[in-house]
Structure formats: C-alpha cells, structure tokens
Amino acid sequence: MSNLILEVNDLTKKFGDLVAVNSISFSVQAGEIFGLVGPNGAGKTTTVKMLTTLLPPTSGFASVAGFDVTHHARDVRRVIGYVPQLLSADGSLTGYENLLIFAKLYDIPSKEREKLVRDSLHFMGLSDSADKLVRSYSGGMIRRLEIAQAVLHKPRVLYLDEPTVGLDPVAREAVWEYVGTLAKGGTTIVITTHYMEEADAMCGRVAIMNHGKIAAMGSPADLKASIPQNGEAATLNKVFEYYVGDSLEPSDAEGSKKDFRDVSRTRRTARRLG
Ligand SMILES: Nc1ncnc2c1ncn2[C@@H]1O[C@H](COP(=O)(O)OP(=O)(O)O)[C@@H](O)[C@H]1O
Ligand SMILES: [Mg+2]
C-alpha cells in the first residue's frame with residue numbers, strides 16, 4: 001500500500017555552531033502535497049536544499065525515488081524539479097525564451113522543444129504573454145513561469161520554496177491552482193510556506209518546523225484535532241502555538257514589518273528584472 005517517494009531520516013545541517021536542521025525525519029507518498037511550514041529561520045529552505053542535492057547534509061539520510069541525495073545526486077536531479085525562493089527567471093528574455101533555455105538544459109530533443117514550451121505556457125495560463133519580456137510580468141506570472149520551467153522535464157517530485165511570498169491573494173490562488181493540477185496529474189509536491197492558512201487549505205499533510213526541528217506532523221485536520229479544543233475553531237496557527245509554545249501570528253507591528261519585507265523583496269526582484 002505504501003508508495004513512498006521521499007524518505008528522510010535524521011537529516012541534519014549545521015552551519016558552524018548553528019544547527020539549521022536538527023535531525024528531522026519524515027516520508028512522503030507519491031502524489032501527496034506535503035507542506036513544510038514554519039516561521040522564517042525554521043530551516044525550511046535548508047531542508048529543501050539538501051533534498052534537491054544543492055547542500056550536502058551534515059549527517060542523516062534522504063532519498064528521492066530510491067536515490068540517495070548524497071551518493072546518487074545525479075539520479076536525484078533527473079527526477080526532481082525545483083522552484084527556489086529567490087528569482088530563477090531572466091527578465092531580459094521573454095517567457096518563451098526562458099522556457100526554451102530550460103528545455104535545452106533538460107536535454108529535450110530539439111524537434112519537441114517548441115511544442116513542449118508552447119504547451120507548457122498554455123498550461124500555466126501564460127500563452128498571451130509568451131513573447132513579452134519577463135520584466136513586464138506581474139509577480140504571479142513570474143512564479144507561474146518558474147513553475148513551468150521546473151516541470152518541463154516532468155519531474156516526479158516538485159519542490160516549491162515559498163512560492164507565494166509577496167503575491168497578492170488572487171495571484172497566490174492562481175499559483176495554488178496550478179500546483180493542485182500538477183498534483184492531480186501525479187506529481188508529488190513538497191512546498192514550503194510560512195502562511196499557515198495556505199498550508200491548511202492545500203496540503204494533504206504538513207510538518208510544522210521550528211528552530212530546525214519538526215514540532216508536529218500530520219494532516220491539517222488531524223493536527224487540529226490533536227490539540228485541546230476550547231470551543232473556537234482550531235487553526236494551524238493554534239497548532240503551532242500549542243506544540244511550539246510560542247505564537248506564530250505576528251503582533252500588528254511585526255506583521256506590518258513582515259509585509260514590508262515581503263514587498264521590498266518583491267521590489268528587489270522587480271528591480272533585478274528591470
Ligand atoms: N549558508 C548559510 N550559512 C549560515 N547560516 C545559514 C545559511 N543558510 C541558512 N542559515 C541559517 O539557518 C537557519 C535556517 O535558515 P533557512 O533554512 O533559510 O530557514 P527558512 O527557510 O525556514 O526561513 C537560519 O538561522 C539561517 O540564518
Ligand atoms: Mg526559506
């Protein structure tokens with residue numbers, strides 16, 4: 001019955017004295033949408049970088065589709081797609097041109113490239129903007145283009161690192177919709193977010209990370225049912241508070257700071273594109 005595609009055992013990453021990821025273990029079934037959620041600095045990106053072979057683990061083990069990330073990194077890279085937290089599209093090229101580069105990178109035969117790229121732009125709702133420079137795209141369109149880049153070679157596992165940071169609610173929803181469609185098509189999704197409501201709505205299971213550790217893991221419904229019920233509707237934020245003993249919901253002041261950070265990050269991205 002089990003069809004595990006991702007297995008992680010005691011995975012640890014240290015940067016000097018800092019234990020960024022502290023002996024985490026979990027597994028993901030093929031076709032799942034699995035969320036790594038938690039505040040900034042929790043260790044989400046570091047985990048994803050180890051799982052995508054971009055960072056060597058300090059200790060522990062992880063395998064993707066049976067391939068060990070340390071000893072079979074090349075095999076792992078062939079079966080995964082990755083949308084990094086920072087920008088991965090080139091603003092001075094069109095959407096079509098960006099995708100063509102990835103089609104070459106993934107060794108897609110030249111005869112098939114054009115159709116594949118056009119189909120993929122269509123799938124992501126970018127046909128109308130295919131021949132416009134990416135620097136003229138909105139944040140949501142850029143994210144969708146980056147997802148298209150990451151899945152051109154039909155990876156079995158797609159990693160998305162904070163794909164909705166800095167996007168407005170409509171653009172966020174569009175990103176999730178495409179992610180949902182990919183998952184329905186059989187792609188396993190590992191997604192990080194610090195937006196608990198998003199994880200709640202979209203993920204089959206989530207691991208709540210804090211200070212490099214997994215504080216709790218399960219389906220959103222099971223996690224919410226696992227904490228004392230006090231009459232109000234449970235939320236993943238409350239689950240976080242219960243297991244971590246700290247509030248994830250920023251106070252108003254912190255909230256506006258975070259929003260500003262998100263916006264300024266988006267702006268930086270826009271400048272880099274422009
Ligand atoms: N290359 C690095 N060198 C040193 N410290 C790092 C490095 N990358 C991340 N860290 C630290 O590791 C911790 C986890 O970071 P990260 O994985 O980026 O968290 P998240 O993605 O959850 O925000 C943070 O304290 C961060 O400052
Ligand atoms: Mg991160």
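The structure displayed is predicted, hence computed values, not measured ones.

> Outline the overall build of the chain, listing residues and values.
When helices and strands are tallied, the chain shows 10 helices and 10 strands. For the chain, buried positions account for 50% of its 274 residues. Considering only intrachain contacts with a sequence separation of at least 6, the fraction spanning at least 24 residues in the chain is 66%. Counting every atom, the chain has about 13,400 Å² of accessible surface; 52% of that belongs to carbon and sulfur.

> Any details on the coordination of the magnesium ion (ligand 2)? Residues and values, ideally.
Donor atoms from the polypeptide that coordinate the magnesium ion (ligand 2) comprise Thr45 (OG1) and Gln85 (OE1), at 2.0 to 2.3 Å from the metal. One end of the pair, Thr45, is in helix α1 (residues 44–51); the other, Gln85, is in the loop between β6 (80–83) and α3 (95–105), with 40 residues separating them in the sequence. Its relative accessible area of 23% is what places Thr45 among the partly exposed residues. A relative accessible area of 23% places Gln85 in the partly exposed class.

> Describe the site of ligand 1, with residues and values.
Around ligand 1 sit Phe15, Leu18, Ala20, Pro39, Asn40, Gly41, Ala42, Gly43, Lys44, Thr45 and Thr46, and that is every residue in its neighbourhood. Between Thr45 and ligand 1, the recorded distance is 2.8 Å, taken from a side-chain N or O atom to an oxygen atom. For ligand 1, an oxygen atom lies 2.5 Å from a polar atom in the side chain of Thr46. Isolated, ligand 1 exposes 570 Å² of accessible area, and the fraction of that covered by the protein chains is 59%. Of all the secondary-structure elements, those providing two or more residues to the shell around ligand 1 are β2 (18–29) and α1. Sorting elements by how many residues they give to the shell around ligand 1 places α1 first, with three residues. Looking at side-chain class alone, the shell around ligand 1 contains five nonpolar, five polar and one charged residues.

> Explain the sheet that holds strand β10 (residues 213–218) residue by residue, including any values.
Pairing is mixed in the open sheet, where six strands are placed in the order β6-β7-β8-β3-β9-β10. Two strands lie at the open edges of the sheet, namely β6 and β10, each paired on one side alone. Pairwise comparison of adjacent strand axes, ignoring direction, gives a mean angle of 15° for this sheet. As paired elements, β6 and strand β7 (residues 157–161) share four bridges and run parallel to each other. Counterpart to Ile80 in the pairing with β7 is Val157.

Analysis parameters
- Residues numbered from 1 in each chain as written.
- Chains lettered and ligands numbered in written order.
- Predicted model: local features only at pLDDT ≥ 70, side-chain atom pairs only at ≥ 80, totals over all residues.
- Heavy atoms only, no water.
- Helix = DSSP H or I, 4+ residues; strand = E, 2+ residues; numbered from the N terminus.
- Buried < 20%, exposed > 50% of the residue type's maximum accessible area, 1.4 Å probe, protein only.
- Contact = heavy atoms within 4.5 Å.
- Areas by Shrake-Rupley, 256 points an atom, 1.4 Å probe, with all protein chains shown as cover.
- Donors = N, O, S within 2.8 Å, 3.2 Å for Na, K, Ca; no water.
- Near = heavy atom within 4 Å.
- Polar contact = N/O pair within 3.5 Å; in protein donor to acceptor, adjacent residues only side chain to side chain.
- Nonpolar A, V, L, I, M, F, W, Y, C, P; charged D, E, K, R; others polar.
- Pairing = 2+ DSSP bridges.
- Axes fitted to C-alpha atoms, helices over the stretch in contact; angles between N-to-C directions.

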